[in-house]
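Given next are the chains, with one letter for each unit.
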Amino acid sequence: MTMIVDQDQDVETAAMDHPVLFEIGSPGACGASLSESDVPTVDRSTALPPELIATTKPNLPELGELDVVRHYKRLAHRCFSIDGNFYPLGSCTMKYNPRVNERVAAMPGFANVHPYQDESQTQGLLEMMYRLRCALAEIAGLAEVTLQPAAGAHGEMTGLMMINAYHRSRSETRKKVLAPDSAHGTNPATCAMCGHEAITVKSLADGRVDLADLREKVDGDTAAFMITNPNTVGVFDDQIADIAAIVHDAGALIYLDGANMNAILGKTRPGDFGVDVMHYNTHKTFSTPHGGGGPGAGPVAVAEHLREFLPVPQVIKREDGTYAWCSDKENTIGKVRSFFGQIGVLVRAYTYIRSLGCDGLKDVAEKAVLSANYLAARLKDKYHMPFPPPYAHEFVTVPQFSKTGITENDIAKRLIDYGIHPPTMSWPIHHCLMIEPTETESLATLDLFVDVMRKIADEAVNDPDVVRAAPHKTPVRRLDEVSASRKPNVRWRFE
Ligand SMILES: Cc1ncc(COP(=O)(O)O)c(C=O)c1O
């Protein structure tokens, strides 16, 4: 009875196969052996006021250690994870997280440091942050980076705050922020958070920005154009230099949502194609185990003309070679996060960058792109591809099985039976699957995925009921998804 929606008998039965801890064990069983108390025993009826004395014992499970270990192991085995399964969840970049990252992040000088510790005691950490700051600026082709933001969305907000500060410094207040219709939901949400009006710019049939629509919508009231490149349909917009010129001509700035940087690492630099501000999603591009909302980090890189607005404190290198926090910035937007950022995630990003080096980072981009294009090429006769190749690191397919009515949702559920995590569904276009294999999967895994997808396509035509009823091999069968997200019943209750 883990995460169950009160729905049908099947669900109840499946859930009961593995009882919860409250339903197993026996009175007197105990998983812990406590040492003898070394403080005097007191009579609680005299030591405590009556209203604080419990009259009933809490109904806690009584179990041996092995029962508890097996219970949690069993639950852990039910989880999908990148360590256990292929996870082509488009846009989320669920790639392998090298173990060396974990070893470095666990080093006491990184893991046990306290934010109030003196700079003299944290020189190693500060040096790592300074070097990461410089490496990210170099990869972006921009002037300087703040490591403070705690996620991509937080980076967007930090970036827009700096863009606002830039316009204010020129005695302007600009209301509108433009973004293409394929933008991630965090882009318009960030606009709203920063007090902007979010305006959608149309995309062409091939997934690139409609320049005519952009020209029509950009004006003297536009603060920025937020673009994701490569974008969320897996297309690198090769008009980016023209886009930057159009936007800059109106006095607005280009914000790059850098969530898809793994496709262009070391190949091209946003600063070189006209970007003024961008964020990284370090947890995707430079690996960190993430999912379900975190953990992450969203460093923001800015061009020279925005440097003065960067958040403080900033990590700096002094002339004597030591490192320090510097808050000496007159026009800063201030602090956007308590203390200094998501240190553990930043250590992992730095380790990843250093262990791969320049050539390794280029290799990441080449393999991410190659893997996506390989899958698309091998699936295109069975699955409709609405956008023309070549793709960047991911691609979108809209399954078309109108005769049997099999939908993207059915295919996603059927993939689970084959031990594969469903791709992103129904975003950024209706009825699509967005597939991102990432650069870390072997050819054998990619081929297996192709075989499974082709088999499901055949099932969708010849045996649709089996697809429609999937998944068949999970502890909980198909849920009513609306109830599962709106009325999740995740609590165990005593009868
Ligand atoms: C294109 C794009 N932009 C922004 C974000 C938001 O990033 P985060 O989840 O780190 O806040 C995501 C996250 O998936 C994304 O895919």
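Residues numbered from 1 in each chain as written. Predicted model: local features only at pLDDT ≥ 70, side-chain atom pairs only at ≥ 80, totals over all residues.

Points about the overall build of the protein
Along the protein, the regular secondary structure elements total 16 helices and twelve strands. Considering only C-alpha atoms, the protein reaches an extent of 75 × 70 × 45 Å along its principal axes. Counting only residues that meet the buried cut, the protein has 39% of its 495 residues in that class. For the protein, contacts bridging at least 24 residues in sequence account for 71% of all contacts bridging at least 6. (Helix = DSSP H or I, 4+ residues; strand = E, 2+ residues; numbered from the N terminus. Buried ≥ 20, exposed ≤ 12 C-beta atoms within 10 Å, placed from the backbone. Contact = placed C-beta atoms within 7 Å.)

Points about the environment of T474
Within the secondary structure, T474 sits in the loop between α15 (464-468) and α16 (481-486). Between the C-alpha atoms of T474 and H421, which are 53 residues apart in sequence, the distance is 12 Å.

A short note on the sheet that holds strand β2 (residues 176-180)
Spatial strand order, β1-β7-β6-β5-β4-β2-β3: seven strands in an open sheet with mixed pairing. The sheet is open, and its two borders are formed by β1 (144-146) and β3 (197-201), each paired with just one other strand. The mean angle between the axes of side-by-side strands here comes to 25°, regardless of whether they run parallel or antiparallel. Two strands pair when backbone bridges link them, and β1 and strand β7 (residues 300-302) are joined in this way by three bridges, in the antiparallel orientation. (Pairing = 2+ DSSP bridges. Axes fitted to C-alpha atoms, helices over the stretch in contact; angles between N-to-C directions.)

A short note on the sheet that holds strand β12 (residues 433-435)
Overall, antiparallel pairing links the three strands, which are arranged β10-β12-β11 in an open sheet. Bordering the open sheet on either side are β10 (395-397) and β11 (424-425), each of which pairs with just one other strand. Pairing of β11 with β12 involves two bridges; the strand directions are antiparallel. Bridge pairing in β12 places M425 opposite L433.

A closer look at the site of the ligand
Of all residues adjacent to the ligand, which total 14 residues, the nearest are A151, G152, A153, H184 and A259. A per-class count over the shell around the ligand returns four nonpolar, nine polar and one charged. (Near = placed C-beta within 6 Å. Nonpolar A, V, L, I, M, F, W, Y, C, P; charged D, E, K, R; others polar.)

Comments concerning the domain arrangement of the protein
Domain boundaries assigned for the protein yield domain 1 (99-355) and domain 2 (398-486). Put simply, the middle of domain 1 and the middle of domain 2, counted by C-alpha atoms, are 33 Å apart. (Domains from an automatic or database assignment.)

Re helix α3 (residues 65-77)
For α3, built from 13 residues, the straight-helix expectation of 18 Å at 1.5 Å per residue is met to within 8% by its first-to-last C-alpha distance of 18 Å. Counting buried residues along α3, only zero of its 13 residues qualify, which leaves the element largely exposed. (Expected span 1.5 Å × (residues − 1).)

Describing the nonpolar core
Among the nonpolar cores identified, the biggest contains 105 residues, and A224, F225, I254, Y255 and V277 are the most heavily contacted of them. The element that contributes the greatest number of residues to this core is helix α12 (residues 343-379), accounting for 15 residues. Both of domain 1 (99-355) and domain 2 (398-486) provide at least three residues apiece to this core. Apart from residues lying up to four places away in sequence, I254 is in contact with A224, F225, I227, A244, V247, G274, V275 and D276. (Core = buried A, V, L, I, M, F, W, Y, C linked by C-beta atoms within 7 Å.)

What to know about the pairing of strand β6 (residues 277-280)
Covered by surrounding structure in β6 are V277 and H279 together with M278 and Y280, the residues of both alternating faces. Where strand β5 (residues 253-258) meets β6, four bridges bridge the pair, whose relative direction is parallel. Of the residues in β6, the one forming a bridge with G258 is Y280.

Digging into helix α10 (residues 240-249)
All of the buried residues in α10 are I240, I243, A244 and V247. Mapping the buried residues of α10 onto a view down its axis gives an arc of 100°, with all of them on the same face. In α10, the exposed positions that point more than 90 degrees away from the buried face belong to A241, A245 and D249. Its buried side turned inward, α10 meets α9 (211-217), β4 (222-228) and β5. One or two residues past the end of α10 sits G251, with phi positive at roughly 80°. (Arc of directions from axis to C-beta.)

Looking at the pairing of β3
By the bridge criterion, five bridges tie β2 to β3 in an arrangement that is parallel. Of the residues in β3, the one forming a bridge with V177 is A198. One crossover worth recording links β2 to the parallel β3 by way of helix α8 (residues 186-193), and it is right-handed. (Right-handed = clockwise from strand over helix to strand, strands pointing away.)

Looking at unusual backbone geometry
Cis peptide bonds are those with omega within 30 degrees of zero, and the linkage from P389 to P390 qualifies with 0°. Considering the arrangement of structural elements, one finds P390 in the loop between α12 and β10. With an omega of 10°, the peptide bond between W427 and P428 qualifies as cis. With respect to the helices and strands, the residue P428 is situated in the loop between β11 and β12. Residue S287 is not a glycine yet carries a positive backbone phi of 65°. Among the secondary structure elements, S287 is positioned in the loop between α11 (282-285) and β7. Here S287 falls in the buried class, since 26 other C-beta atoms lie within 10 Å of it. Even without a glycine there, the phi angle at H431 is positive, about 60°. Relative to the helices and strands, H431 resides in the loop between β11 and β12.

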